[in-house]
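# Structural description and commentary
If you want the building blocks of each chain, they are given just below.
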Amino acid sequence: MPPLELDGLTKYYGDVRGVEDLSFAVDSGEVFGFLGPNGAGKTTAIRTLMGFQSPTAGTARVLGADITDADALRRARANVGFLSSEPSFDDRVTGRRILEYHAGLRGDVRSDELLDLFDPPLDRNVGEYSRGNRQMLAIVIAFMHDPDLVIMDEPTTGLDPLKQEQFHRFVRDERDRGTTFFFSSHVLSEVRKVCDRVGIIRDGRLAALEDVEALLERSGKTVRVHAATALAPEDVTLADAHGVEVTETAAEADDGASTVSFTYTGAYEPLLEWLGGFDLLDLTIEEAPLEAVFMRFYDEGQGKGTATRRPTEAADDRGAEHAADDREPERERDGERGERPRESTDV
């Protein structure tokens, strides 16, 4: 059984779609990236998987536990690491006391090792922490009990570039140990560095699901042509050319030259035949950046409004037990957020 499996997972906030009909599985020992811009539904999916809110329809299984079975999910979460995009701690206590609290809840077999890599100032009150130190404390908490599955929401938020790279190496090492990862991100270079497979989410729905390398291969190449003649976008007659841009420097204008660039997703023969019609001064063909791949899934349908309304028939089937979730779409309930609840932090 896969460590994480989604089966038609759907969550609406009133009439507004959070996520709809998400169905896929994350294999054991896999690093799965959940990719999308802010507002696409990544955090909604993660909060639902963690049991912080109930699904409107469908379900998911976390380490074999159905997320609609609260008792089974609670037991499974003892072996799940969770890293929030905005860790929330009691600012009045030290990082060390917070670590001790979580060690009492789930155990601690790795904190010494983790603190060698991620080193928040444990003897200072968390209220004095920088954003990066809060994130490092949250990383230690997420991994200190050596979980089999780690669910992370924008895990490198607030980390400086050196710590980000260290975290990427750590994730790769943990994957080699057999740990399974599911994490959301909009940092495309991060996804490429650590992920085996990605799911791209758009407007709450799954737009693509495939290996990172396969996605890049299917996405084509970036072609940049420096020609001795002036070119216009309409001169690029290739059916599989996307995002055509023509630039012309002052020197090129004097010489009648120009530069055209585009993403090409077709076979090489038509491209070479087209290039043969020009006097080329320079030619560059390289792998398309992941940003270009990602944006191809967002070229259509963007800018048409951010609130996607729920179908009437789905609204009719919705149970009253989800009403409380609709009133609080942005914040986990106390005691379910993976960090210490405020009312239990007196020391």
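The model shown is predicted, which means the values in this text are computed figures rather than measured ones.

## Here's the deal with the packing of helix α3 (residues 95-106) against helix α5 (residues 131-143)
- Between α3 and α5, the shortest axis-to-axis distance is 10 Å and the interhelical angle comes to 20°. Here α3 lies roughly parallel to α5, going by the angle between them. Crossing of α3 against α5: the hand is right-handed. Facing α3, whose interface residues are Gly95, Ile98, Leu99 and His102, α5 presents Leu137, Val140 and Ile141.
- Classifying every residue of the contact of α3 with α5 gives 5 nonpolar, 2 polar and no charged.

## Let's talk about the pattern of salt bridges
- The final tally for this structure, using the stated rule, is 22 salt bridges.
- Across the pair Arg97 and Glu100 runs a salt bridge, and its minimum N-O distance is 3.2 Å. One end of the pair is Arg97 and the other is Glu100, both in helix α3 and 3 residues apart, which spans about a single turn.
- Since its relative accessible area comes to 45%, Glu100 is described here as partly exposed.
- The partner of Arg224 in a salt bridge is Glu286, with the nearest N and O atoms 3.8 Å apart. Highlighted residues: Arg224 in strand β11 (residues 221-227) and Glu286 in strand β14 (residues 280-287), separated in sequence by 62 residues.
- For Arg224, a relative accessible area of 36% corresponds to the partly exposed category.
- By relative accessible area, which is 37% here, Glu286 ends up partly exposed.

## Description of the nonpolar core
- Of all hydrophobic cores here, the largest spans 38 residues; its most connected members are Leu137, Phe143, Met152, Phe167 and Cys195.
- What Leu137 contacts, discounting residues up to four positions off in sequence, is Phe89, Gly95, Ile98, Leu99, Pro120, Leu122, Val126 and Tyr129.
- Phe24, Ile67, Leu73 and Val80 belong to the second-largest nonpolar core, a separate cluster that totals 25 residues.

## As for the sheet that holds strand β4 (residues 57-62)
- With antiparallel pairing, the 4 strands of this open sheet are ordered in space as β2-β1-β4-β5. Both outer strands of the open sheet, β2 (16-26) and β5 (65-66), are each paired with one neighbouring strand and no more.
- On the sheet, helix α1 (residues 42-49) packs against β1 (4-13), β2 and β4 and is oriented at approximately 115° with respect to β1.

## Section: the sheet that holds strand β10 (residues 205-211)
- Strand order in the open sheet formed by 6 strands is β6-β7-β8-β3-β9-β10, with mixed pairing between adjacent strands. Two strands bound the open sheet, and with one partner strand each, they are β6 (80-83) and β10. Looking at each pair of strands side by side, their axes are set apart by 15° on average, direction ignored.

## Structural notes on α5
- Under the 1.5 Å per step criterion, the end-to-end length of α5 is 19 Å for 13 residues, consistent within 8% with the ideal 18 Å.
- Among all positions of α5, only Gly132, Asn133, Arg134, Gln135, Met136, Leu137, Ala138, Ile139, Val140, Ile141, Ala142 and Phe143 are buried.
- Here the buried face of α5 lies against β6, α3, α4 (111-117), β7 (149-153), α6 (161-176) and β8 (180-185).

## Quick word on the packing of aromatic side chains
- By the definition in use, this model includes 12 aromatic pairs.
- Ring geometry for Phe24 against Phe34: centres 6.1 Å apart, planes inclined by 40°, an arrangement best described as tilted. With Phe24 in strand β2 and Phe34 in strand β3 (residues 31-35), the pair connects residues that are 10 residues apart, well separated along the chain.
- Where Phe52 meets Phe82, the ring centres are 5.4 Å apart and the plane angle is 75°; that geometry is what we call edge-to-face.

## Comments concerning unusual backbone geometry
- Notably, Asp21 is not glycine yet its phi reads approximately 55°, a positive angle.
- Its place among the elements puts Asp21 in strand β2.
- Phi is positive for Asp203, close to 50°, though the residue is something other than glycine.
- Turning to its location among the elements, Asp203 is positioned in the loop between β9 (197-202) and β10.

## Comments concerning the confidence of the model for the protein chain
- Averaged over all residues, the pLDDT of the protein chain is 84; the fraction at 70 or higher stands at 81%.
- Here residues 300-308 scores under 50 on pLDDT; set against residues more than four positions off or in separate chains, the count is 7 contacts.
- Within the model, the stretch residues 311-347 combines pLDDT values under 50 with 71 contacts to residues more than four positions away or in other chains.

So, how was this worked out
- Residues numbered from 1 in each chain as written.
- Predicted model: local features only at pLDDT ≥ 70, side-chain atom pairs only at ≥ 80, totals over all residues.
- Heavy atoms only, no water.
- Axes fitted to C-alpha atoms, helices over the stretch in contact; angles between N-to-C directions.
- Helix = DSSP H or I, 4+ residues; strand = E, 2+ residues; numbered from the N terminus.
- Parallel < 35°, antiparallel > 145°, perpendicular 65-115°, else oblique.
- Left-handed = near helix turned anticlockwise from the far one by under 90°.
- Contact = heavy atoms within 4.5 Å.
- Nonpolar A, V, L, I, M, F, W, Y, C, P; charged D, E, K, R; others polar.
- Salt bridge = Lys/Arg side-chain N within 4 Å of Asp/Glu carboxyl O.
- Buried < 20%, exposed > 50% of the residue type's maximum accessible area, 1.4 Å probe, protein only.
- Core = buried A, V, L, I, M, F, W, Y, C linked by side-chain atoms within 4.5 Å.
- Pairing = 2+ DSSP bridges.
- Expected span 1.5 Å × (residues − 1).
- Phe/Tyr/Trp six-rings, centres within 6.5 Å; stacked < 30°, edge-to-face > 60°.
- pLDDT = per-residue confidence, 0-100.

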